[in-house]
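Spelled out, the chains give:
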Amino acid sequence: MKKQIIVILFLIFTSLQFTSVFAQQRFPKPEFESGHTQPPTLKPEARAPILEYLDIVVLLVSLSLVTWLVLKKRSRIGVLLMSIFSIAYFGFFREGCVCSVGSLQNIVLAIFNPGYHIPISVLVFFAVPLLFSLFYGRTFCAAVCPLGAIQDFFLLRPVSMKAWVQSVLGVIPYIYLGLSILYAATSTDFVICRYDPFIGIFRLNATFMMFVLGGAFLLISMFIGRPYCRFLCPYGVLLNLTSRLSKKHLTITPAACIQCRLCEDSCPFGAINKPVPAKVAEDRKTIIRRYSWMIILIPVLMFIGGWTVASFHETLAKVNPKVRLASIIHENPTILDEDTSIDIDAFRSSGKTRAELFTEAADIVSDFYLGGWISGAFLGLVFGLTLTKLTIIRYRIDYTPNKGTCFSCARCVDYCPVVKDKIEIKTLKI
Amino acid sequence: MDRRDFIKKAGRGLIAGGIVAGGAYLLFKPVGEERCELDFICKNCKQLKNCSLPEADDFKKKNESSTNKR
């Protein structure tokens, strides 16, 4: 009940910040005779290097602390307190930037654009959570990522989702990852940052549409645990893969599982693997036949995916400002003499010729064609591997967290009545 | 160590090595010619005042009167 009141108060507080969105100017803007124009809204200034290092230290300390709280202390309360700190520091104070989710695009840009030099803070924010995930599971998602923490904070009445729905929606992050890499690699845009639903809330300056999007995600978060993390986050794809190999991961029980089934429905993210009773082993011929089909099917899916995405390369490339401008000028050549829009004005001022612009735009479009094939093939591979996974049944005897999808939030830990080293039953508080 | 553990350990080592080596490369790679492709329009660019790129110099010269007011 207390939590519900806090969440409602938080919602009211954040909503109040956006009243200016609906406001209208009482008087029209003054028009200065000197030609002065209203200054445009600027992006935040670059952070001083010393403060960038402070961010790195805070990230390292937070990650270490959360990992210790999850793996050693097994404390849900500790994780919750760290979530509040992350929302306050990485969210509202740092205004959601630098964030590990968006840093993925900087990495891609640094790889593909020789003129771009990546700042050390961005590199650390990308690499360190992955390294932690590789050894200790997704402790970054548990309480360090402000995007995950704010959704987790809003989770009031979790509704369980069917496994097949989760599987289908779980493909979306791969598509988003493919597109964001494509756009960053072609120096077109940082789509993850542009469509981040929570950045506007952290900066208290969201446009109406982004406020609606962020609000919708928070509203959904009340019933469906972490919808952005599970069904959209492209960085989560990488964390999912690295976490599968993790050396020490959160365990539901600190000792041997006694099959009490208390933890069975404790995870609001559907990330607990239930025991699968052993069956009679399939005969070798059937297994070989199935895998042979998969070996044929995966390259076919990769080809279909590549061809499909590459077919839309011109449409996808229109997001690029140069391609868009070239397309406008190509369709209406006289626009250069008539139009006074900012794009045309800037192009005229740059002194470039039309031919130069068209050549550059054509190069970008051909990059999109190649990128479309690669992204599509990647998606085909993901579909193929997902299908393959459905045919594999791993037999388990205990309740275990799914290392890939578990956010290490430590909710399930409180449900386990087993006490470490003693195998005695905790007294349950009812 | 069984086969599964060996594969996991090898995968972990490879990925960790890849992240560290890749990160070091990106940090110390020779930076090519400075470009501003992500913000093609000089007029929108917050770095315009201090930018030393030929495009920016050109833009500033051609719009001397308006850039001074910014």
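Rules and cut-offs
- Residues numbered from 1 in each chain as written.
- Chains lettered and ligands numbered in written order.
- Predicted model: local features only at pLDDT ≥ 70, side-chain atom pairs only at ≥ 80, totals over all residues.
- Helix = DSSP H or I, 4+ residues; strand = E, 2+ residues; numbered from the N terminus.
- Buried ≥ 20, exposed ≤ 12 C-beta atoms within 10 Å, placed from the backbone.
- Contact = placed C-beta atoms within 7 Å.
- Core = buried A, V, L, I, M, F, W, Y, C linked by C-beta atoms within 7 Å.
- Domains from an automatic or database assignment.
- pLDDT = per-residue confidence, 0-100.
- Expected span 1.5 Å × (residues − 1).

Asks: What is the right way to read the overall build of chain A from this model?
Replies: Helix and strand counts for chain A stand at 21 helices and two strands. Among the 430 residues that make up chain A, the fraction classed as buried is 36%. Long-range contacts, defined here as pairs at least 24 residues apart, represent 83% of the contacts in chain A between residues at least 6 apart.

Asks: Sorry, what's going on with the nonpolar core here?
Replies: Generally speaking, nonpolar side chains in soluble globular proteins are found buried as a group. Residues and elements named next belong to chain A. Grouped together as the largest cluster of nonpolar side chains are 87 residues, with contacts concentrated most on Val-66, Val-79 and Ala-142. Broken down by element, the residue count for this core peaks at nine residues, all from helix H6 (residues 120-136). The two domains that each donate at least three residues to this core are domain 1 (2-14 + 52-275 + 401-415) and domain 2 (284-391). Sequence-distant contacts of Ala-142, defined by excluding residues within four places in its chain, comprise Val-66, Val-70, Val-79, Phe-407, Ser-408 and Cys-409. Membership of the second largest hydrophobic core comes to six residues, among which are Leu-301, Met-302, Ala-377 and Phe-378.

Asks: For this particular structure, what's the right way to read the confidence of the model for chain B?
Replies: Reading predicted coordinates in detail is not appropriate for stretches of low pLDDT. Per-residue pLDDT for chain B averages 75, and the proportion of residues at 70 or more is 64%. Per-element mean pLDDT across chain B ranges from 54 in helix H3 (residues 64-68) of chain B up to 93 in helix H1 (residues 3-28) of chain B.

Asks: Looking at this model, I keep getting lost on helix H4 (residues 76-93) of chain A. Mind explaining?
Replies: Side chains three or four residues apart in an α-helix point the same way, a direct result of the helix having 3.6 residues per turn. Residues and elements named next belong to chain A. Helix length check: H4 (18 residues) gives 24 Å between terminal C-alpha atoms against 26 Å at 1.5 Å per residue, within 8%. Those residues of H4 that sit buried are Val-79, Met-82, Ser-83, Ser-86, Ile-87, Phe-90 and Gly-91. Of the residues trailing H4, Glu-95 is marked for its positive phi of about 55 degrees.

Asks: Looking at this structure, I do not really get the confidence of the model for chain A. What am I missing?
Replies: Chain-level statistics for chain A give a pLDDT mean of 86 and a share of 86% at 70 or above. Contacts from residues 18-27 of chain A, a stretch scored under 50 in pLDDT, to residues over four places away or in other chains number four contacts.

Asks: Help me understand the environment of Gly-215 of chain A, please; the structure alone is not making it clear to me.
Replies: Residue and element names in this part refer to chain A. Looking at the element boundaries, Gly-215 is found in helix H13 (residues 208-221). On the basis of neighbour counts, which here come to 18 C-beta atoms within 10 Å, the residue Gly-215 falls in the partly exposed class. C-alpha of Gly-215 to C-alpha of Ile-201: the two residues are 14 residues apart in sequence and 8.6 Å apart in space.

Asks: Honestly, unusual backbone geometry in this entry has me stumped. Any pointers?
Replies: Leave glycine aside and you will find that most residues have negative phi; peptide bonds, for their part, are mostly trans. Residue and element names in this part refer to chain A. Looking along the chain, the bond that leaves Cys-97 and enters Val-98 is cis, with omega of 10 degrees. In the Ramachandran plot, Glu-95 falls in the positive-phi region, its phi being about 55 degrees despite a non-glycine side chain. Mapped onto the elements of the fold, Glu-95 is located in the loop between H4 and helix H5 (100-112). When the 16 C-beta atoms within 10 Å are taken as the criterion, Glu-95 is described as partly exposed. One non-glycine residue, Ser-408, adopts positive backbone phi at about 55 degrees. Counting through the fold element by element, Ser-408 comes out in the segment after strand E2 (400-401).

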